[in-house]
Amino acid sequence: ANDSVATYLLFEKWLPVLPKHYFDIDMPLLPVLMKMEDRGVLIDENYLNEFAKELDVALAKFDLPINVHAPQDIQSYIYGTLEIEPTVFTDTGAPSTDADTLEEVYEKTKDDLVQQILDYKRLYKDKGTYVDNYVKGRDDTGRIHPEFKQTSTTTSRLSCARPNLQNVFKRDDRVKLRSLFVAAPGKSIVRMDYNQLDYRALAAITGDPILIAALNANKKIHQVTADELGISYDNAKTINFAVLFGAEAWKVSQTLHITINDARDFLKRYFERFPNIKKYREQMTEIAKRDKRVVIPMTGRTRRIDAMYSSQWKIQQEGIKEAINLPVQGLEAEIVKTAMIDLDQKHNAPMLLQIHDELLFEVEEKQAVEYAHWLKEFVPTIVEFGGMKFPVEVGVGKNWFESMQNEVKE
């Protein structure tokens, strides 16, 4: 009873100062998420069993001379036997043995055992993530009911837990993991995915004319960058991601395997072609240093940049990168949330899952294609911001993977 009283008193205290997005986004989204959790998503039991057998067979083939579940054994091999100089450390100060570190070690050494350790860890993680969790989580009807959380990320993106279905690989050469998620008999999965949402959000925030014109003409932004700078598509993709996440010259040089001076020249050319992006980065750097917080456009959601309270230069640089990236990712999240609220409240949309820029629906099989066409036409009208529309791609299939392959055209 005291808990209830305390909660009510806190409500009275905070109600006058609650921000507008609390009433426009956060609270209206709650019933949407509750419906999705209650609805759940159906798992193909046969596919899951076959996948489990494949993983067990693959794991049984390994005959490793060290215990890969013991970080000390891996440390001894990497930093002792191979004599690798440690550059990344855990919170306890021990040399790291995480997947990224092992990938870097393999790139340097091409050591066969390091590759086997990576392969084993990947398969073992798959078993825990995609088999054990799903088997435990299924109800009597074969559905799993993940939890969707609004307050677990700094960007305001939704997160998913118990189990986390937002970490299912998009494309996987080993197994088509998204085939695990199927429609009920007589129904189809309709998948909706925002088209280049991250770059459309960046264009809306920065007002960069080249970005806006290219995206409104439905051009691939990586190809536009390649054409503007006279570089390969792959390098354009790398530089776009680097700029999007606030990377500086040293990071670009590492990623593209070029010198610092070449990377500086690369960025200089990039910002000459996209001047508003450079201006935006400079503005967000100034705001981060001055205010130690940023505002997400469209809804006004505020985010504190804790790294800017540190006296260490390196940590502050991470804070600046966060300040550059937060408004973009935050705007993406608010666009998706706004669409979810509109689709649920006005159209009773049968949503199953939200995965960053994707939404999954379970629709009567006979109506699925027509429903997909309607989503493609209607969803871009829900939100327009900063001179940008936000179009979507849609697909239909018996399972999640199939809906990715069968895109519905105009």
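To be clear, the structure that these remarks concern was listed above.
As the structure is a computational prediction, the values presented were derived from the model and not from experiment. (Residues numbered from 1 in each chain as written. Predicted model: local features only at pLDDT ≥ 70, side-chain atom pairs only at ≥ 80, totals over all residues. Heavy atoms only, no water.)

(A) Broad picture of the sheet that holds strand β1 (residues 41-43). Taken together, the three strands give an open sheet; going across it, the order is β2-β1-β5, and neighbouring strands pair in antiparallel fashion. Both edges of this open sheet fall to β2 (143-144) and β5 (181-182), since each of them pairs with a single strand only. One ladder, built from two bridges, connects β1 with β5; its direction is antiparallel. Across the sheet, the residue bridging to L42 is V182, located in β5. (Pairing = 2+ DSSP bridges. Helix = DSSP H or I, 4+ residues; strand = E, 2+ residues; numbered from the N terminus.)

(B) Spatial organisation of the side chain of D342. Mapped onto the elements, D342 comes out in helix α14 (residues 313-347). Setting aside residues no more than four positions away along its own chain, D342 makes contact with H347, F378 and I382. (Contact = heavy atoms within 4.5 Å.)

(C) View of the side chain of D198. Along the chain, D198 falls in helix α7 (residues 197-206). Among buried Asp, Glu, Lys and Arg side chains, D198 stands out as unpaired, with R157 the closest opposite charge at 6.5 Å. Residues in contact with D198, not counting those within four places in the same chain, are F241, L244, V328 and E332. (Buried < 20%, exposed > 50% of the residue type's maximum accessible area, 1.4 Å probe, protein only. Lys, Arg positive; Asp, Glu negative; His and termini not counted. Salt bridge = Lys/Arg side-chain N within 4 Å of Asp/Glu carboxyl O.)

(D) Region of the structure containing helix α11 (residues 249-256). Within the span of α11, buried status applies to A249, V252, S253 and L256. Across the axial projection of α11, the buried residues extend over an arc of 100°, all falling on one side. Among the structural elements, α10 (233-244) and α12 (260-273) are those in contact with the buried residues of α11. Looking one or two places after α11, you find H257, whose phi comes out positive at around 60°. (Arc of directions from axis to C-beta.)

(E) The arrangement of the pattern of salt bridges in detail. Applying the stated criterion across every chain yields a total of 28 salt bridges. Linking E272 and K268 is a salt bridge whose minimum nitrogen-to-oxygen distance equals 2.8 Å. Placement of the pair is E272 and K268 together in helix α12, with a separation of four residues, close to one helical turn. Residues joined in a network through salt bridges with shared partners are R178, R191, D193 and E358.

(F) Region of interest: a nonpolar patch on the surface. On the surface, Y8, F11, L15 and F23 cluster together to form a nonpolar patch covering roughly 400 Å² of accessible area. The partly exposed category is assigned to Y8, whose relative accessible area is 49%. (Patch = residues over 30% accessible without salt bridge, like charges linked within 9 Å, V, L, I, M, F, W, Y side chains within 5 Å. Areas by Shrake-Rupley, 256 points an atom, 1.4 Å probe, with all protein chains shown as cover.)

(G) Structural view of α14. The end-to-end C-alpha distance of α14 is 50 Å, a good match for the 51 Å that 35 residues give at a rise of 1.5 Å each. Along α14, the largest kink reaches about 35° and is centred on N325; proline P327 follows within four residues of it. Note on α14: the residue one or two positions beyond its end, N348, has a positive phi of about 50°. (Expected span 1.5 Å × (residues − 1). Bend = angle between axes of the 7 residues up to and from the residue.)

(H) Representation of the packing of aromatic side chains. Per the counting criterion, the structure on display carries 13 aromatic pairs. Ring plane angle 15° and centroid distance 6.0 Å describe the contact between Y120 and Y124, whose orientation is recorded as stacked. On the criterion of helical spacing, the pair formed by Y120 and Y124 is a turn pair, its members being four residues apart in helix α6 (residues 112-137). Judged by its relative accessible area of 14%, Y120 is buried. Summarising the aromatic geometry, the rings of F181 and W400 are spaced 5.2 Å apart at their centres and angled 70° between planes, so their arrangement reads as edge-to-face. Remark: W400 occurs in helix α16 (residues 400-405) and F181 occurs in strand β5; sequence separation between them is 219 residues. One exposure class covers both F181 and W400, and it is buried. (Phe/Tyr/Trp six-rings, centres within 6.5 Å; stacked < 30°, edge-to-face > 60°.)

(I) Here's a closer look at the pairing of strand β7 (residues 293-296). Residues V294 and I296 of β7 are buried on one face, while the alternating residues R293 and V295, pointing to the opposite face, are not. Pairing between β7 and strand β8 (residues 301-304): four bridges, direction antiparallel. Looking at the pairing, V294 lines up with R303 of β8. Counted along the chain from β7 to the antiparallel partner β8, the turn is four residues long, and its residue M298 has a positive phi close to 80°.

(J) Examining the nonpolar core more closely. Residues Y134, F181, Y194, M340 and F361 are the most contacted members of the largest nonpolar core, which totals 118 residues. No other element matches α14, which puts 12 residues into this core. (Core = buried A, V, L, I, M, F, W, Y, C linked by side-chain atoms within 4.5 Å.)

(K) Inspection of the packing of α14 against helix α15 (residues 368-378) at higher detail. Orientation of α14 relative to α15, taken along the N-to-C sense of each, is 125°, at an axis distance of 13 Å. When the interaxial angle is binned, α14 and α15 end up oblique. Here the hand of the crossing between α14 and α15 comes out right-handed. Across the interface between the two elements, D342, L343 and H347 of α14 pack against W374, L375 and F378 of α15. By residue class, the composition of the contact of α14 with α15 is four nonpolar, one polar and one charged. (Axes fitted to C-alpha atoms, helices over the stretch in contact; angles between N-to-C directions. Parallel < 35°, antiparallel > 145°, perpendicular 65-115°, else oblique. Left-handed = near helix turned anticlockwise from the far one by under 90°. Nonpolar A, V, L, I, M, F, W, Y, C, P; charged D, E, K, R; others polar.)

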